[in-house]
Amino acid sequence: MTKSMFQFKSLARIGLPVLLVASLGACATPFKADVSRFAVPLPAPQGQTFAVVAEDPKLAGGLEFATYANVVAAEMQELGYARAASPETADLLVRFDYDVDNGRERVRTDLNGGGFGPGFGPWGPWGGWAGGFGGWGVGFNDPFFGGPNVRSYTIYTSGIDLKIDRAADGQRLFEGKAEAVSRSNRLPRLVPNLVDALFTDFPGNSGETLRITIRDDEKTVRDVD
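As the structure is a computational prediction, the values presented were derived from the model and not from experiment. (Residues numbered from 1 in each chain as written. Predicted model: local features only at pLDDT ≥ 70, side-chain atom pairs only at ≥ 80, totals over all residues. Heavy atoms only, no water.)

Chemist: I tried to follow the pattern of salt bridges on my own but got confused; where do I start?
Modeler: In a structure, side chains of opposite charge can pair up when their charged atoms sit close to one another. Evaluation of the coordinates by the stated rule reveals 9 salt bridges. A salt bridge links Asp34 to Arg211; its shortest N-O distance comes to 2.3 Å. In this pair, Asp34 is assigned in strand 1 (residues 31–39) and Arg211 in strand 8 (residues 209–214), connecting sequence segments 177 residues apart. Residue Arg172 pairs with Asp165 through a salt bridge whose shortest N-O separation is 2.3 Å. (Salt bridge = Lys/Arg side-chain N within 4 Å of Asp/Glu carboxyl O. Helix = DSSP H or I, 4+ residues; strand = E, 2+ residues; numbered from the N terminus.)

Structure follows, in structure tokens:
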């Protein structure tokens, strides 16, 4: 075995843990959603029942909608409201809708070459193996020709829409929206996070828009300019 081949394998062994750590870090990326809410004083939860219904009639009766309706219902029950046996017997109708768009391409250019720190050259401290072989990985610049690191990827906008009406007279009591931009279009992951964001500090201050950041260990809430 030549010396250069030995160095190649040694560096690859070093680079593999770094790649694994980076992958694990990517899984822990915080979820961020912009939430806007409008409300009049809601009735006290005690003695009040609710039912979650589909705003879009095409979703009614579907297993997917029922799954997300259960997520919304769990949040309402945590507030103290009781789930009704049917919409016909509910005091409050919670109208729920969700969607994700078809995505759009985003291009990012890194003029510094995408290395892992200064002083290590265009490949970073462990060469191209930390993110694929040179420019043929996920956006790392070509190790032979240099130049900027250009990455293209798809981003999706997802959102939920929730309204609460008083069943007796149809008066609107609450309107809320949560929207997020992410690399994923998987609704089973996105919708529960959006619901979580919408019900953070529920019902909130009417007319304000907040950025809700959800991490594994905490949430942060800040105003959106």
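Chemist: What am I meant to see in the packing of aromatic side chains here?
Modeler: For any pair of aromatic rings, geometry is given as the distance between the ring centres together with the angle between the planes. Counted according to the given criterion, the structure contains 5 aromatic pairs. For the pair Phe174 and Phe202, a centre-to-centre distance of 4.8 Å together with 50° between the ring planes defines the contact as tilted. On the criterion of sequence distance, the pair formed by Phe174 in strand 7 (residues 172–182) and Phe202 in the loop between helix 3 (187–198) and strand 8 is long-range, its members being 28 residues apart. Residue Phe202 is classed as buried on the basis of its relative accessible area of 14%. Summarising the aromatic geometry, the rings of Phe199 and Phe202 are spaced 4.8 Å apart at their centres and angled 25° between planes, so their arrangement reads as stacked. (Phe/Tyr/Trp six-rings, centres within 6.5 Å; stacked < 30°, edge-to-face > 60°. Buried < 20%, exposed > 50% of the residue type's maximum accessible area, 1.4 Å probe, protein only.)

Chemist: How should I be thinking about the pairing of strand 7 in this particular structure?
Modeler: Residues in a regular strand point their side chains to alternate faces of the sheet. Relative to strand 7, strand 1 runs antiparallel, the two being bridged by 6 bridges. In the strand pairing of strand 7, Val35 is matched with Ala178. Taking the residues that link successive antiparallel strands as the turn, the strand 6 (residues 149–166)-strand 7 hairpin has 5 residues, and the phi of Gly170 there is positive, at about 80°. (Pairing = 2+ DSSP bridges.)

Chemist: How should unusual backbone geometry be read in this particular structure?
Modeler: Backbone phi values are negative for most residues with the exception of glycine, while trans is the configuration of most peptide bonds. With omega at 0°, the peptide bond leading from Phe202 into Pro203 counts as cis. As for its placement among the helices and strands, Pro203 is situated in the loop between helix 3 and strand 8. The backbone phi angle of Asp201 is positive, close to 55°, even though this residue is not glycine. Within the fold, Asp201 resides in the loop between helix 3 and strand 8. When its relative accessible area of 55% is taken as the criterion, Asp201 is described as exposed.

Chemist: Sorry, what's going on with the packing of helix 2 (residues 63–79) against helix 3 here?
Modeler: Remark: helix 2 packs on helix 3, axes separated minimally by 10 Å, with the N-to-C direction vectors making an angle of 25°. Between helix 2 and helix 3, the angle falls in the class roughly parallel. With respect to the hand of their crossing, helix 2 and helix 3 are arranged in right-handed fashion. For the pair helix 2 and helix 3, the contacting residues are Glu64, Tyr68, Val71, Val72 and Glu75 in the first and Leu187, Pro188, Val191, Pro192, Val195 and Asp196 in the second. (Axes fitted to C-alpha atoms, helices over the stretch in contact; angles between N-to-C directions. Parallel < 35°, antiparallel > 145°, perpendicular 65-115°, else oblique. Left-handed = near helix turned anticlockwise from the far one by under 90°. Contact = heavy atoms within 4.5 Å.)

Geometric descriptors of this kind do not, in isolation, establish any biological role.
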